[in-house]
Amino acid sequence: MAIKRFYFNTGVRPETVFNPPFPYEYHRNKGNVIRGTLLIPFDCDNVPDNASFYMACDNPELPEAKNPNIIVREIVGGNMVSKYAYFRVN
């Protein structure tokens with residue numbers, strides 16, 4: 001499987017950030033996307049098509065990782081600070 005791009009929805013709506021004002025230019029320069037909310041791109045390898053993003057963190061061995069419907073992949077590109085992405089396999 002090839003490397004795939006995913007987007008983490010931060011839930012931040014730029015029009016609600018006032019003090020200080022939302023840094024649009026900073027996020028554009030980083031490659032982040034704004035579509036109603038701020039989306040942070042990240043890339044993972046070997047993620048099946050039937051998987052959906054669940055969460056991200058720095059620990060690949062959380063109890064959720066033992067669930068047979070969860071897979072953990074290293075984040076290999078993008079702007080996420082976390083090192084691992086958890087995906088739910090449908």
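Structure report, in brief. (Residues numbered from 1 in each chain as written. Predicted model: local features only at pLDDT ≥ 70, side-chain atom pairs only at ≥ 80, totals over all residues. Heavy atoms only, no water.)

### Some thoughts on the overall build of the protein chain
Okay, step 1: Along the protein chain, the regular secondary structure elements total one helix and six strands.
Okay, step 2: Counting from the amino terminus, helix and strand elements in the protein chain follow one another as β-α-β-β-β-β-β.
Okay, step 3: Principal-axis analysis of the C-alpha atoms places the extent of the protein chain at approximately 45 × 25 × 20 Å.
Okay, step 4: Put simply, the protein chain has 90 residues, and 29% of those count as buried.
Okay, step 5: For the protein chain, the accessible surface area stands at approximately 5900 Å², while carbon and sulfur atoms represent 51% of it. (Helix = DSSP H or I, 4+ residues; strand = E, 2+ residues; numbered from the N terminus. Buried < 20%, exposed > 50% of the residue type's maximum accessible area, 1.4 Å probe, protein only. Areas by Shrake-Rupley, 256 points an atom, 1.4 Å probe, with all protein chains shown as cover.)

### Considering the environment of asparagine 67
Okay, step 1: Tracing the backbone shows asparagine 67 in the loop between β4 (51–57) and β5 (70–78).
Okay, step 2: Residue classification places asparagine 67 among the partly exposed residues on the basis of a relative accessible area of 34%.
Okay, step 3: It is 24 Å that separates the C-alpha atoms of asparagine 67 and methionine 80, two residues lying 13 residues apart in sequence.
Okay, step 4: Only 2.7 Å separates the side chain of asparagine 67 from the backbone nitrogen of asparagine 69, close enough to count as a polar contact. (Polar contact = N/O pair within 3.5 Å; in protein donor to acceptor, adjacent residues only side chain to side chain.)

### Some points on the side chain of histidine 27
Okay, step 1: Structurally, histidine 27 is set in helix α1 (residues 24–30).
Okay, step 2: A distance of 2.9 Å separates polar atoms of two side chains, one belonging to histidine 27 and the other to asparagine 32.
Okay, step 3: Among all residues touching histidine 27, those that are not within four sequence positions of it are Phe22, Asn32 and Leu38. (Contact = heavy atoms within 4.5 Å.)

### Points about the packing of aromatic side chains
Okay, step 1: This model, assessed by the stated rule, comprises six aromatic pairs.
Okay, step 2: Note on phenylalanine 6 and phenylalanine 42: the rings are 5.6 Å apart at their centroids and 25° apart in plane angle, and the pair reads as stacked. Of this pair, phenylalanine 6 sits in strand β1 (residues 4–9) while phenylalanine 42 sits in strand β3 (residues 37–44), placing them 36 residues apart in sequence.
Okay, step 3: Taken together, the ring pairs in this structure connect Phe6, Phe8, Phe42, Phe53 and Phe87 into an aromatic cluster. (Phe/Tyr/Trp six-rings, centres within 6.5 Å; stacked < 30°, edge-to-face > 60°.)

### Considerations on unusual backbone geometry
Generally, phi is negative for residues other than glycine and the peptide bonds are trans, each holding for most cases.
Okay, step 1: Here the bond from asparagine 19 into proline 20 is cis, since omega is 0°, no more than 30 degrees from zero.
Okay, step 2: Along the chain, proline 20 falls in the loop between β1 and α1.
Okay, step 3: A positive phi is found at asparagine 46, a non-glycine position, where the angle reads about 65°.
Okay, step 4: Mapping asparagine 46 onto the fold places it in the loop between β3 and β4.

### Regarding the pattern of salt bridges
It is possible for side chains of opposite charge to pair when their charged atoms get near one another.
Okay, step 1: The final tally for this structure, using the stated rule, is four salt bridges.
Okay, step 2: The shortest N-O distance in the salt bridge between arginine 13 and glutamate 15 comes to 3.0 Å.
Okay, step 3: Arginine 13 gets classed as partly exposed once you look at its relative accessible area, which sits at 42%.
Okay, step 4: Ionic pairing is found between arginine 28 and glutamate 25, a salt bridge with its closest N-O pair at 3.4 Å. Placement of both arginine 28 and glutamate 25 in helix α1 is noted, with a separation of three residues, approximately one turn of the helix.
Okay, step 5: Residue arginine 28 is classed as exposed on the basis of its relative accessible area of 52%.
Okay, step 6: By relative accessible area, glutamate 25 is classed as partly exposed at 48%. (Salt bridge = Lys/Arg side-chain N within 4 Å of Asp/Glu carboxyl O.)

Just geometry here; none of it tells us what the structure is for.
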